Each structure stands twice: as structure tokens, then as C-alpha cells.
Amino acid sequence: MPTASRRHDTPPPRTANSEADVLRGFLDYLRASIATKVEGAAEPQVRTPAVPSGTSLLGLLNHLIAVESATFLGEKVTDWQATLHPAPQDSVSDVVTRYRATVDRANKVLDECTDLGAPLPRPGRSGPSPSIRWALTHMIEETGRHAGHADILRELIDGTTGR
């Protein structure tokens, strides 16, 4: 069993100026938490499934790249299960950098969205778009859920705990 290492905990954001500020504040907090959780994790453990479902720490972040891209950028995902498996040549740094770049692109889209009840702009996608409020709430739920998984997987890798 790895020896425990506790990182500095970052408390949840204290944003309350508007509903949009609260939603985006919590989403950005969770995004930063999971990226930090993956950074510095050792190879090959970071990509080795640690649970019977086949989930790995690096796979979780790779999956969230696809979810961010599909939700906010309108990209199509044909095989969600495949998103849980990074390419063998992808390093931790590659996936973290790609995740942060995807988040930056998604935030640029969100910066243009002022009405949370409006449909999310998703060029290239047919059919109705969810509201911006729904998309933000969904991404908070999705990122939070996988951040919890990441907490456990990182602790199994090297004992590191904390947000």
C-alpha cells in the first residue's frame, strides 16, 4: 500500500454574484481539481485500470475531454467507451494539456452565452440543444462524479489525497 501524501486542499469557490457565476465557478473548480489530481501521477499506474470496470486515472481525464467537447463544442462522439482509454503514446502531460485546452475552448463559448435559459450554441449538430443552464449543471455533475473516482484512483496509485 502506498504511503499517504496529503496535498493542500482548495476549498470550493465562494462565488454568489449571479447564477452563472456560481455554476461556472463550481465547474472551473472541479475542472482544476481533476486536472491537478492527474498531474504528476506515475506511469504506468496512471493508465493501469485499478478497478474491475477497467477505469484508469488517465482514462477518466481523457473521457472528460470528450464530454467537454461534445457538450460545449458540439463535437460528436461515436464510441463513449473508447474515450475512457487514452492512446498508448499519450503521456500524462499530453492529456492534461489537451484537457486544459478543451476547457479553454469551452469557456470561450460560454463567455458568449449570457442567458442561461437559451439553447447552447452547438454548430454542426442537428436537433435541439440543451439550455446553457442544463449543460453547466450536467458538466458539474459529470466532472464532480469523475473527480471523486479520480480521488480514489490516485490514492491507490501513490497514496496522494486531497482536492
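Model, not experiment: these values are computed from the prediction.

1. As for the overall build of the protein
Part 1 of the argument: The helix and strand tally for the protein stands at 4 helices and 2 strands.
Part 2 of the argument: In the protein, the order of α-helices and β-strands from amino to carboxyl end is β-α-α-α-α-β.
Part 3 of the argument: For the protein, the C-alpha radius of gyration of 16 Å lies close to 15 Å, the compact-globule estimate for 163 residues.
Part 4 of the argument: When the backbone C-alpha atoms are referred to their principal axes, the protein occupies close to 50 × 35 × 25 Å.
Part 5 of the argument: Split into buried and exposed, the 163 residues of the protein put 44% on the buried side.
Part 6 of the argument: In the protein, of all internal contacts separated by at least 6 residues, the share reaching a separation of at least 24 is 71%.
Part 7 of the argument: About 8,600 Å² of surface is accessible on the protein, with carbon and sulfur atoms providing 56% of the total.
Part 8 of the argument: Side chains of the protein carry 18 positive and 20 negative charges; the gap between the two charge centres is 1 Å.

2. What to know about helix 4 (residues 132–158)
Part 1 of the argument: Here helix 4 contains 27 residues, and its C-alpha end-to-end distance of 38 Å stays within 8% of the 39 Å for a straight helix at 1.5 Å per residue.
Part 2 of the argument: After helix 4 finishes, the residue glycine 159 shows a positive phi value of roughly 85 degrees.

3. Re the packing of helix 1 (residues 19–38) against helix 4
Part 1 of the argument: It is at 9 Å that the axes of helix 1 and helix 4 come closest, and there the two elements cross at 25 degrees. Overall, the two elements helix 1 and helix 4 adopt an arrangement that is roughly parallel. In the crossing of helix 1 with helix 4, the sense of the turn from one axis to the other is left-handed. Residues Glu19, Leu23, Arg24, Phe26, Leu27, Leu30, Arg31, Ile34, Thr36, Lys37 and Val38 of helix 1 form the contact with helix 4, whose participating residues are Arg133, Leu136, Thr137, Met139, Ile140, Thr143, Gly144, His146, Ala147, Ala150, Asp151 and Arg154.

4. Some details on the pattern of salt bridges
Part 1 of the argument: This structure, assessed with the given rule, holds 10 salt bridges.
Part 2 of the argument: Its salt-bridge partner being aspartate 151, residue lysine 37 comes within 3.1 Å of it at the nearest N-O pair. Here lysine 37, found in helix 1, pairs with aspartate 151, found in helix 4; they are 114 residues apart in sequence, far enough to count as distant.
Part 3 of the argument: Taking relative accessible area as the criterion, aspartate 151 reaches 33% and is therefore assigned partly exposed.
Part 4 of the argument: Note that glutamate 43 is salt-bridged to arginine 47, the shortest N-O span being 3.0 Å.

5. As for the side chain of lysine 37
Part 1 of the argument: Overall, lysine 37 belongs to the buried group, its relative accessible area being 2%.
Part 2 of the argument: One polar contact links lysine 37 to aspartate 151, side chain to side chain, over a distance of 3.1 Å.

6. A look at the packing of helix 2 (residues 57–73) against helix 4
Part 1 of the argument: At their nearest, the axes of helix 2 and helix 4 sit 9 Å apart, and the two run at 170 degrees to each other. As judged from the angle between their axes, helix 2 and helix 4 are roughly antiparallel. Of the residues in helix 4, those touching helix 2 at Leu57, Leu60, His63, Leu64, Val67, Glu68, Thr71 and Phe72 are Ala135, Leu136, His138, Met139, Glu142, Thr143, His146, His149, Ala150, Leu153, Arg154 and Ile157.

7. What to know about the confidence of the model for the protein
Part 1 of the argument: The predicted model of the protein has a mean per-residue pLDDT of 90, with 92% of residues at 70 or higher.
Part 2 of the argument: The secondary structure element of the protein with the lowest average pLDDT is strand 1 (residues 5–6), at 54, and the one with the highest is helix 3 (residues 92–111), at 97.

8. Let's talk about the nonpolar core
Part 1 of the argument: Counting 20 residues, the largest nonpolar core has Ile34, Val38, Val46, Leu57, Leu61 and Tyr99 as the members making the most contacts within it.
Part 2 of the argument: Elements with a minimum of two residues in this core: helix 1, helix 2, helix 3 and helix 4.
Part 3 of the argument: Element by element, the count of residues in this core is highest for helix 2, at 6 residues.
Part 4 of the argument: When near neighbours in sequence (up to four residues on either side) are disregarded, isoleucine 34 contacts Leu61, Leu64, Tyr99, Thr143, His146, Ala147 and Ala150.

About the thresholds
- Numbers given to residues run from 1 along each chain, matching the order in which its sequence is written.
- Totals for whole chains, interfaces and linings use every residue, but because this is a predicted model, local features are given only for residues with pLDDT of at least 70 and side-chain atom pairs only at 80 or more, for both listing and counting.
- Heavy atoms throughout the structure, all of them, feed into the side-chain values; hydrogens and water do not.
- Numbering of helices and strands runs from the N terminus; a helix is a DSSP stretch of H or I covering at least four residues, while a strand is a stretch of E covering at least two.
- The quantity called the radius of gyration is restricted to C-alpha atoms. Its globule counterpart is 2.2 Å times the number of residues to the power 0.38.
- Only protein chains enter the accessibility calculation, which uses a 1.4 Å probe. A residue is then buried if its area is under 20% of the maximum for its type, exposed if over 50%, and partly exposed in between.
- Here, two residues are considered to be in contact whenever any of their heavy atoms come within 4.5 Å of each other.
- Where accessible areas are quoted, they stem from the Shrake-Rupley method and a 1.4 Å probe; at the residue level, only the protein chains shown are allowed to cover.
- For the purpose of charge, His is not counted, nor are the chain termini; Lys and Arg are scored as positive and Asp and Glu as negative.
- Where a charge lies is defined by one atom per residue type: Lys uses NZ, Arg uses CZ, Asp uses CG and Glu uses CD.
- By definition here, a helix of n residues has an expected span of 1.5 Å times n minus one.
- The angle between two axes is taken between their N-to-C directions and runs from 0 to 180 degrees, where each axis is a line fitted to C-alpha atoms and a helix contributes only its stretch in contact.
- Each angle receives one of four descriptions, namely roughly parallel if under 35 degrees, roughly antiparallel if over 145, roughly perpendicular if within 65 to 115, and oblique otherwise.
- Crossings are classed by handedness, with left-handed meaning an anticlockwise turn of the near helix from the far one by less than a right angle and right-handed meaning a clockwise turn.
- Criterion for a salt bridge: a side-chain nitrogen of Lys or Arg within 4 Å of a carboxyl oxygen of Asp or Glu.
- Nitrogen and oxygen atoms within 3.5 Å of one another constitute a polar contact, given that in protein one can donate a hydrogen and the other can accept it, and given that sequence-neighbouring residues count only through two side-chain atoms.
- Confidence of the predictor in every single residue is expressed as pLDDT, which spans 0 to 100.
- To qualify as a nonpolar core, a set must consist of buried Ala, Val, Leu, Ile, Met, Phe, Trp, Tyr and Cys residues joined through side-chain atoms within 4.5 Å.

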